[in-house]
There are 2 protein chains.
Amino acid sequence: MAQEKNTEEQIIEAARKIFVKRGLDGARMQDIADEAGINKAMLHYYYRSKDKLFEIVFNEAFSKVVTPLGHILEGTRPIEEKIKEVIDHYITGISQVPYLPIFILSEVNQRPEIMIKRLNAQPSFGSIMNFMKEVIEAGKNGKIREVSPIQLFLNIVSLCIFPFVARPLVQGIFQQDNVQFDLLIEERKKMAADVILAWLKP
Amino acid sequence: MAQEKNTEEQIIEAARKIFVKRGLDGARMQDIADEAGINKAMLHYYYRSKDKLFEIVFNEAFSKVVTPLGHILEGTRPIEEKIKEVIDHYITGISQVPYLPIFILSEVNQRPEIMIKRLNAQPSFGSIMNFMKEVIEAGKNGKIREVSPIQLFLNIVSLCIFPFVARPLVQGIFQQDNVQFDLLIEERKKMAADVILAWLKP
DNA sequence: CCTTTGATTAACCAAATGGTTAAATCGGAT
DNA sequence: ATCCGATTTAACCATTTGGTTAATCAAAGG
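Residues numbered from 1 in each chain as written. Chains lettered and ligands numbered in written order. Predicted model: local features only at pLDDT ≥ 70, side-chain atom pairs only at ≥ 80, totals over all residues. Heavy atoms only, no water.

If you check an unreviewed UniProt entry, chain A appears there as TetR/AcrR family transcriptional regulator from Chitinophaga pinensis.

## Description of the UniProt feature "DNA-binding region" (unreviewed entry) in chain A
Convention followed: UniProt positions are given in the numbering used here, feature names are shortened, and annotations may be inferred rather than shown by experiment. Helix and strand labels come from DSSP, where a helix needs a run of H or I of at least four residues and a strand needs a run of E of at least two; each type is numbered from the N terminus.
Within this numbering scheme, the UniProt entry marks residues 28-47 of chain A as carrying the feature "DNA-binding region" (unreviewed entry). Between the C-alpha atoms that bound residues 28-47 of chain A the distance is 15 Å, and the span itself is 80% helix and 0% strand.

## A word on the pattern of salt bridges
Rules: A carboxyl oxygen of Asp or Glu within 4 Å of a side-chain nitrogen of Lys or Arg is what we treat as a salt bridge.
According to the stated counting rule, one finds 20 salt bridges over all chains in the structure shown. A salt bridge links Glu 55 of chain B to Lys 117 of chain B; the nearest nitrogen and oxygen atoms lie 3.3 Å apart. Of this pair, Glu 55 of chain B sits in helix α4 (residues 50-65) while Lys 117 of chain B sits in helix α8 (residues 113-120), placing them 62 residues apart in sequence. In this structure, Arg 77 of chain B engages Glu 85 of chain B in a salt bridge whose closest nitrogen and oxygen atoms are separated by 2.9 Å. When salt bridges that share partners are traced, they join Glu 9, Arg 16 and Glu 60 of chain A into one network.

## So, the protein's contact with DNA strand D
The condition that has to hold: If even one non-hydrogen atom of a residue comes within 4 Å of a molecule or strand, that residue is called near it. Pairing of N or O atoms within 3.5 Å defines a polar contact, subject to two protein rules: one partner must be a possible hydrogen donor and the other a possible acceptor, and residues neighboring in sequence count only if both atoms are side-chain atoms.
Close to DNA strand D lie 14 residues, the nearest being Arg 28, Lys 40 and Lys 50 of chain A together with Met 42 and Tyr 45 of chain B. Here DNA strand D approaches the protein such that, of its atoms within 4 Å, sugar and phosphate make up 60%. Side-chain polar atom of Lys 40 of chain A to a base oxygen of DNA strand D: 2.3 Å apart, as the coordinates give it. Within the contact set of DNA strand D, a phosphate oxygen lies 3.2 Å away from a side-chain nitrogen or oxygen of His 44 of chain A. Taken together, the elements giving at least two residues each to the surface near DNA strand D come down to α3 (40-47) of chain A together with α3 (40-47) of chain B. At four residues, the largest contribution of residues to the surface near DNA strand D is made by α3 of chain B.

## Quick notes on the nonpolar core
For clarity, the threshold we go by: The nonpolar core is taken to be a set of buried Ala, Val, Leu, Ile, Met, Phe, Trp, Tyr and Cys residues, with the residues joined through side-chain atoms within 4.5 Å. Categorising residues by exposure relies on relative accessible area from a 1.4 Å probe, with only protein chains included: less than 20% of the type maximum marks a residue as buried, more than 50% marks it as exposed, and the intermediate range marks it as partly exposed. Any two residues whose heavy atoms approach within 4.5 Å at even a single point are treated as in contact.
Counting 160 residues, the largest nonpolar core has Ile 83, Ile 87 and Leu 152 of chain A together with Ile 83, Ile 87 and Leu 152 of chain B as its most contacted members. When sequence neighbours within four positions are dropped, the list of residues in contact with Ile 83 of chain A reads Phe 131, Leu 152, Ile 156, Ile 196, Leu 197 and Leu 200 of chain A.

## As for the interface of chain B and chain A
For clarity, the cut-off: Buried area is understood as the total, over both parts, of accessible area removed when two parts are fitted together, assessed with a 1.4 Å probe. Here the nonpolar group is Ala, Val, Leu, Ile, Met, Phe, Trp, Tyr, Cys and Pro; Asp, Glu, Lys and Arg are the charged ones; every other residue, Gly included, is treated as polar.
Taken together, the contacts link 48 residues of chain B with 48 residues of chain A. Between chain B and chain A, roughly 4300 Å² of surface is buried when both sides are summed, and carbon and sulfur atoms account for 76% of that area. Seen at the junction of chain B and chain A, the total is zero salt bridges. One can count eleven residue pairs in polar contact (both at pLDDT 80 or more) joining chain B with chain A. Contributions of two or more residues to the side of chain B that touches chain A are made by α1 (7-26), α7 (100-110), α8, α9 (126-140), α10 (149-165), α11 (167-173) and α12 (178-200) of chain B. Counting residues per element, the side of chain B that touches chain A draws most heavily on α10 of chain B, which supplies twelve residues. Residue composition of the side of chain B that touches chain A, grouped by class: 30 nonpolar, eleven polar and seven charged.

Have a look at this one:
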């Protein structure tokens, strides 16, 4: 193990790894300690309890995956451009942390409470609401087909995230190795935008 | 609790409820026993171990959610009709068991092994392969745009399943109650097909 | 040096958990 | 009524697990 770093950050790194891989219920404090190469008591010395430690890891993951959705849709370019860019950026971003979406979705489905606080303390969804208005506007102006902005948003996120969440199934059913899967994801950056824009064409 | 039924089935029902809600790691044998209104030892009397019991519940869930994908695409009607129908049927089907997709995806991501056996013992994916050929054929004939059949398949499944998997997030972000969410799902039966068919238009 | 203070560890603890067992109970056949 | 196998239960067991504690270590300051 690469020691050297300060204990606090070592612990967080280890906790990230174990919690994300095994979930809150499946993770063992001892495993986190082992992963960090330290004594189990240190976990409690620095972070009180398993729940507290988990909260930190979860919030961090939530920020990486959900928050970008709030920001990335800002700007003043035409809506088609925005959509193209958000899809490309988002898939690229998730590719760096492909195991986070299923982690978040699993935990949020099992314990919706952990998300409530986070959403409230997260006013960045204002920009999503802006995007919604923009969609309605563009629909009325005939620039795009008139569609439900929520459904549009859901469609974009579905096409971007689902493949990562269903990865083992996809690879199992279509007998893909990791290289093939990465290629499939790469293709989707352009394709997902094509799908959405074809639908939006007035 | 409604007693009356034979113990074996009572246990399975209780196990379904607890495992699907809490996952393998989060589920407690005692909770299953309580839910079934029987002694914990009965679980082992009828089903040896927690893992064995879980396997039954998981396989059952897998059949309900994944297997239909293999069957529903059969038949000889034009491909656009098939897609429309598969989407409508599939969303309707999942609506009856909306908590199963996240259960399956969570478990499969945590323990891909449990899926491997199941996929091998499941030759019904032959019909998916048939569908793939059909897509390529239709592409060459100019009936639809030429697209990767795997991506098409993934797009369909993404649009159908993701909303159920992300339900707490969707309801949280857009402040929807259950009625509104059901409405959103109902809308998607037609909309998801529109999205796919607009993309496929040659 | 010695003391102090924060960091670290081994040992420990109580509760929870999956699983077992031996005894009790039930139900039908004789 | 009695026997016999299947079913059911309470009590028990070993292990795991999150968490605590008291002792040790190490560096800083005097």
